[in-house]
Amino acid sequence: MTNTPAPVALGADQARTRLHELTVIDVRTPAEYASGHLPGALNIPLDHVRRALPEIRHAAERGDVLVVCASGARSENACKLLAEQGVTTATLVGGTGAWAAEGHDLHTPAACDTRSGWSMERQVRFTAGALVLLGLVLGLLLHPALLLISAGVAGGLVFSALTDTCGMAVVLGKLPHNRPRAADLDAALAALRTR
């Protein structure tokens, strides 16, 4: 049995003082990344971390790697995944939300270079709310069994809270506006190789 390195957690102020020496990987969707990210952060969405493992390992061998997301949950999951592969990384406590709350700048790409959009949390809230309303309306107008749509969403939300996972976010992350363009992902991987 091998020992997996434990992920380290850095606060926003700690990360800011070390930002010049860190390789920062943002595991949010491209739309979330476009809405504002840590200076110098490279966007490798969570579902592409395994594909980027060789490049992340290379960067970690040359210096410390900080993984960030909106609140810290996805980056913590990415750090655990990387730790299982023997790659030591750190996560930003509270994510970009905590970074901005501390008064640190978030960089946004030029408007013509990217697609800006809703955060994944906002997309999940909208979709869950819309499905609950749809289930209620269809249940009242067509057939009471359609109320199960609302019950299913409620059950999914409870499961999501208990397990700290979100199946709806995984599904929404696969929509075209949340997917990285091949050129963007390739550029991020190439930048990691040079770190």
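Residues numbered from 1 in each chain as written. Predicted model: local features only at pLDDT ≥ 70, side-chain atom pairs only at ≥ 80, totals over all residues. Heavy atoms only, no water.

### Focus on the overall build of the protein chain
Helix and strand counts for the protein chain stand at nine helices and five strands. Across the protein chain, helices and strands are ordered from the amino to the carboxyl terminus as β-α-β-α-β-α-β-α-β-α-α-α-α-α. When burial is assessed residue by residue, the protein chain has 36% of its 195 residues classed as buried. Residue pairs at least 24 apart in sequence account for 71% of intrachain contacts in the protein chain once pairs closer than 6 positions are excluded. Surface accessibility of the protein chain: about 10600 Å² in total, with carbon and sulfur atoms responsible for 61%. Within the protein chain, the 17 negative side-chain charges are centred at a point lying 5 Å from the centre of the 17 positive side-chain charges. (Helix = DSSP H or I, 4+ residues; strand = E, 2+ residues; numbered from the N terminus. Buried < 20%, exposed > 50% of the residue type's maximum accessible area, 1.4 Å probe, protein only. Contact = heavy atoms within 4.5 Å. Areas by Shrake-Rupley, 256 points an atom, 1.4 Å probe, with all protein chains shown as cover. Lys, Arg positive; Asp, Glu negative; His and termini not counted. Charge placed at Lys NZ, Arg CZ, Asp CG, Glu CD.)

### A few points about the nonpolar core
Ile44, Val49 and Ile56 are the most contacted members of the largest nonpolar core, which totals 21 residues. Elements that contribute at least two residues to this core include exactly helix 3 (53–62), strand 4 (65–68), helix 4 (73–84) and helix 9 (182–193). Contacts of Ile56, omitting those with residues within four sequence positions, involve Ile25, Val49, Val65, Leu82, Val87 and Leu192. Leu10, Leu38, Ala90 and Leu92 belong to the second-largest nonpolar core, a separate cluster that totals 14 residues. (Core = buried A, V, L, I, M, F, W, Y, C linked by side-chain atoms within 4.5 Å.)

### Comments concerning a nonpolar patch on the surface
A cluster of nonpolar side chains, namely Val137, Leu140, Leu141 and Leu142, defines an oily patch on the protein surface of about 480 Å² accessible area. With respect to the helices and strands, Leu142 occurs in the loop between helix 6 (120–141) and helix 7 (148–163). (Patch = residues over 30% accessible without salt bridge, like charges linked within 9 Å, V, L, I, M, F, W, Y side chains within 5 Å. Salt bridge = Lys/Arg side-chain N within 4 Å of Asp/Glu carboxyl O.)

### Some remarks on the pattern of salt bridges
Applying the stated criterion to the full structure yields eight salt bridges. Across the pair Asp26 and Arg28 runs a salt bridge, and its minimum N-O distance is 2.8 Å. Judged by relative accessible area, which is 0%, Asp26 ranks as buried.

### Side note on helix 7
Between the first and last C-alpha of helix 7 there are 22 Å, a value that for 16 residues agrees with the 22 Å anticipated at 1.5 Å per step. Asp164 sits one or two residues past helix 7 and shows a positive phi near 55°. (Expected span 1.5 Å × (residues − 1).)

### Quick look at the packing of helix 6 against helix 7
Think of two packed helices as two axes; the pair is described by the angle between the axes and how far apart they sit. Packing of helix 6 against helix 7 brings their axes to within 7 Å, and their N-to-C directions diverge by 150°. Relative to helix 7, helix 6 is oriented roughly antiparallel. Taking contact as the criterion, the partners of Ala128, Leu131, Val132, Gly135, Leu136 and Leu138 in helix 6 are, on helix 7, Ile149, Ser150, Val153 and Leu157. Tallied by class, the residues present in the contact of helix 6 with helix 7 amount to eight nonpolar, two polar and no charged. (Axes fitted to C-alpha atoms, helices over the stretch in contact; angles between N-to-C directions. Parallel < 35°, antiparallel > 145°, perpendicular 65-115°, else oblique. Nonpolar A, V, L, I, M, F, W, Y, C, P; charged D, E, K, R; others polar.)

### Topic: the state of the cysteines
Summed over the entire model, instances satisfying the criterion amount to zero disulfides. Counting only cysteine sulfurs, Cys69 is the nearest neighbor of Cys79, a cysteine outside any disulfide, at a range of 9.2 Å. (Disulfide = S-S within 2.5 Å.)

### What about the side chain of His104?
Mapped onto the elements, His104 comes out in the loop between helix 5 (95–101) and helix 6. On the accessibility criterion, His104 (12% relative accessible area) is buried. Each residue touching His104, except ones within four places of it in the same chain, is listed here: Ala12, Asp13, Arg16 and Trp99.

### A look at the sheet that holds strand 1 (residues 8–10)
Read from one edge to the other, the open sheet built from five strands follows the order 1-5-4-2-3, with strand pairing classed as parallel. Every other strand in the sheet has two partners, leaving strand 1 and strand 3 (42–43) as the edge strands with one partner each. (Pairing = 2+ DSSP bridges.)

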